[in-house]
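# Survey of secondary and tertiary structure
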Amino acid sequence: MIEESTEIIGEFKELYDKVKLCYQCGTCAGGCPVFKQYSRFNPRRIMEKLLAGEFTKELFDDQQIWFCTGCYTCSTRCPQGIDICHVINGLKNMAVKVKNTPEGIITEMTAILETGVTAGISQSALKRRTKLELPEILPPDLNEVQKLMEVTGVVAKLNSLKELAEQ
Amino acid sequence: MTKYAFFIGCTIPYRVPFIETSLRKTMPDFNVELVDLPFACCPDPGGVQAFDSVAWHTLAARNICLAEEQNLDILTACSGCFETLKMVNTHLISDPDLKDKVNEHLKEVDKEFKGSIKVDHFAEFMYTDVGIDKIAARVEKPLTGIKIASHNGCHFLKPPEIMQVDNPEVPVKLDHLIEALGAESVPYLNKLACCGAGTRTTDMDTGLKIAHEKIVGAEMAQADALVTVCPTCFVSYDTGQRLMAKSFERTNLPVFFYMELLGLSMGYDFSAGYKMHSIKVQSFLDKVS
Ligand code: SF4
Ligand code: SF4
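Residues numbered from 1 in each chain as written. Chains lettered and ligands numbered in written order. Predicted model: local features only at pLDDT ≥ 70, side-chain atom pairs only at ≥ 80, totals over all residues. Heavy atoms only, no water.

Turning our attention to the site of ligand 2. Residue and element names in this part refer to chain A. Close contacts around ligand 2 come from 14 residues, with Cys32, Cys68, Thr69, Cys71 and Cys74 the closest. Elements represented by at least two residues in the shell around ligand 2 include exactly helix 3 (33-37), helix 6 (73-77) and helix 7 (84-97). Its residues assigned to classes, the shell around ligand 2 comprises 11 nonpolar, 3 polar and no charged. (Near = heavy atom within 4 Å. Helix = DSSP H or I, 4+ residues; strand = E, 2+ residues; numbered from the N terminus. Nonpolar A, V, L, I, M, F, W, Y, C, P; charged D, E, K, R; others polar.)

On to the interface of chain A and chain B. Opposite the 55 residues of chain A that make contact, chain B presents 58 residues. Buried area between chain A and chain B, summed over both chains or domains, comes out near 5000 Å², and the portion from carbon and sulfur atoms is 64%. Remark: the boundary between chain A and chain B carries 7 salt bridges. A salt bridge links Glu213(B) to Lys36(A); its shortest N-O distance comes to 3.2 Å. Our count for the chain A to chain B interface comes out at 19 residue pairs in polar contact (both at pLDDT 80 or more). Per-element tally for the side of chain A that touches chain B: the top contributor is helix 10 (residues 142-151) of chain A, with 6 residues. Of the residues contributing to the side of chain A that touches chain B, the split by class is 30 nonpolar, 14 polar and 11 charged. (Contact = heavy atoms within 4.5 Å. Buried area = accessible area lost by both parts, 1.4 Å probe. Salt bridge = Lys/Arg side-chain N within 4 Å of Asp/Glu carboxyl O. Polar contact = N/O pair within 3.5 Å; in protein donor to acceptor, adjacent residues only side chain to side chain.)

Attention now moves to the side chain of Arg200(B). All names here are of chain B. Within the fold, Arg200 resides in helix 11 (residues 197-200). Buried and unpaired, Arg200 has no salt bridge, with Asp205 as the nearest side chain of opposite charge at 10 Å. Side-chain polar atoms of Arg200 contact the side chain of Ser236, separated by 2.9 Å. Setting aside chain neighbours within four positions, we find Arg200 in contact with Cys195, Gly207, Leu208 and Ser236. (Buried < 20%, exposed > 50% of the residue type's maximum accessible area, 1.4 Å probe, protein only. Lys, Arg positive; Asp, Glu negative; His and termini not counted.)

All names here are of chain B. Judged by nonpolar contacts, the single largest core of 157 residues is most densely connected at Leu23, Met126, Ile135, Tyr258 and Phe284. The element that contributes the greatest number of residues to this core is helix 4 (residues 53-69), accounting for 9 residues. What Met126 contacts, discounting residues up to four positions off in sequence, is Met27, Phe30, Gly131, Ile135, Leu177, Met259 and Leu262. (Core = buried A, V, L, I, M, F, W, Y, C linked by side-chain atoms within 4.5 Å.)

Turning our eyes to something else, we now look at the site of ligand 1. All names here are of chain A. Taken together, 13 residues sit near ligand 1, with Cys22, Cys25, Gly26, Cys28 and Cys78 positioned nearest. Only helix 2 (27-31) and helix 4 (43-51) provide two or more residues apiece to the shell around ligand 1. Residues that form the shell around ligand 1 fall into these classes: 8 nonpolar, 4 polar and 1 charged.

Considered for burial, the residues of helix 7 (residues 122-130) of chain B that qualify are Phe122(B), Ala123(B), Glu124(B), Phe125(B), Met126(B) and Val130(B). Taken from the residues just after helix 7 of chain B, Gly131(B) is the one with a positive phi, measuring 100°.

Below, the structure is given as structure tokens:
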């Protein structure tokens, strides 16, 4: 089992309530663009583990859930009306809490924290904009973005993930 | 002129700014005034929502507040931004508990989400508010004989109960938008498939494989180009084909953002922008003229 956290167990219960109608038909996997190319990622298997209460390290540790591209094809087709994509998102939120987060996501969150946007303002981008005679980009109020990332706990989570990476 | 808060997002201005040109030049012809506001990242429905759902709702709500303060509806140019902003707007309007939680956070920056505006996507706007007939009436150089593979992408259509744009299994609006320009929208293998961008953050190869399969399908259908309504999908296929060539069979399919194609058929000179595509489009342009 992953490290004890009553908060996560609570969230897990919520997720379990959402998937308990699953009858393992596999429609979600059948239409999943990721499963088609990489069969180790299988949304039906993820539902199976949740149904069995297999709230184990495995669910988070091999980064399987992070392969989900978030396309909602499964959610649109599930005959039981389960929003699988949303459930996997919940698992990703929980994975961040147990400090399993892909490098790419940490980089993206850091970029938003430092600049307010995901794609950094490179010199080549600015040159292209000048060439195209595009107007200047209005900079976002960075103080507000940072404040909100602080009060929602994002900054603390990022710090502990970075600490872990340095160890 | 109808005024809209123009939500350009991060991908367009910093990575594919020629898409911005196509929107800024053509939208006024359809009586739209694009108002720029200092928006931050929408934020990304993939990464940020996955990291922390409440933070995702809160940061998106802050952007919506900026438009609410100006009493303007939002028009998005990117399907990812569209999904985030429309989904958060819908969630907060329908879930008072979540709205209270988010507003509690927003208080820290003197903002309050009210739920007073709507969020739309430029392609849905072109189809529903402008209409196919009015678009067709503006076409000066019809794209006769040109075959297009239309790519709707995921966030434009799904989840359908939130996005409310088109049938997610049998979408037709983008095909009609393409045919309004005189081109033919061809059926092709994997037409509904995702561009794979969300998986690239975790595993580049799997993400590229997903995109490659679609390009192969479009080439088999003898499409002259692939057309997207989302800048992230655009990058997946345009820059993506360069990356794919390292691991998979080489493809060479020109990719366009819908408004670039619209501008072309209206007689706009977007040549400075075409030169910035990763996959060369000259052979396509030769076919058109
Ligand atoms: S489609 Fe729905 S019911 Fe079928 S296996 Fe997937 S989650 Fe379960
Ligand atoms: S949302 Fe995720 S699990 Fe569902 S079909 Fe798309 S990639 Fe697969």
